[in-house]
Amino acid sequence: MQPDSGKTVTQEKVSEDFDRYVESYTQQIDDAVSFSGLKADFFVKAKCEYLLRLTERYLGANADLDVLDLGCGVASYHHHLVTKYKSLTGIDVSRKSIEYAEQH
């Protein structure tokens with residue numbers, strides 16, 4: 001057995017990493033895509049439109065689908081999708097992300 005080199009990935013470590021970025025997540029994404037002259041929400045909407053086309057094509061009518069978003073983070077795109085599916089539920093290892101998502 002190898003000694004733990006500190007590089008072992010655990011749910012707790014992942015949660016702690018994501019918890020640190022909850023409040024600044026949107027701004028960091030906006031900064032990362034600023035070269036495009038667009039805000040992150042432009043790309044979020046495009047992703048949602050694509051996702052809706054895919055789910056309808058392969059899974060049937062979106063209004064009939066119960067969707068589980070694994071690793072939803074702060075659920076930045078759920079407000080674009082929540083009315084499109086029968087239900088939309090997000091889960092994440094980051095408790096702070098879930099709390100933020102519920103508030104927003």
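Right above here is the structure, for reference.
How each quantity is defined
Residues numbered from 1 in each chain as written. Predicted model: local features only at pLDDT ≥ 70, side-chain atom pairs only at ≥ 80, totals over all residues. Heavy atoms only, no water. Helix = DSSP H or I, 4+ residues; strand = E, 2+ residues; numbered from the N terminus. Rg over C-alpha atoms; globule rule 2.2 N^0.38 Å. Buried < 20%, exposed > 50% of the residue type's maximum accessible area, 1.4 Å probe, protein only. 1 Å grid on protein atoms, 1.4 Å probe; cavity = no way out; pocket = protein on both sides within 12 Å on 5 of 7 lines; lining within 4 Å. Points joined across faces, edges and corners; volume = space filled by probe spheres on them. Nonpolar A, V, L, I, M, F, W, Y, C, P; charged D, E, K, R; others polar.

Caption draft 1: Quick peek at the overall build of the chain. For the chain, the helix and strand inventory stands at 5 helices and 2 strands. Over its C-alpha atoms the chain spans a radius of gyration of 16 Å, topping by over 25% the 13 Å that the globule rule assigns to 104 residues. Projecting the C-alpha coordinates of the chain onto the three principal axes gives extents of approximately 50 × 35 × 25 Å. Split into buried and exposed, the 104 residues of the chain put 25% on the buried side.

Caption draft 2: Representation of the layout of surface pockets. The calculated volume of the largest pocket comes to roughly 680 Å³. Along its surface, the largest pocket is lined by 33 residues, and Tyr25, Val74, Ala75, Ser76 and Tyr77 are the ones closest to its centre. Residue assignment for the lining of the largest pocket shows that the elements contributing at least two residues are helix 2 (25-32), helix 3 (40-59), helix 4 (78-81), strand 2 (87-91) and helix 5 (95-103). For the lining of the largest pocket, the per-class residue count stands at 18 nonpolar, 10 polar and 5 charged.

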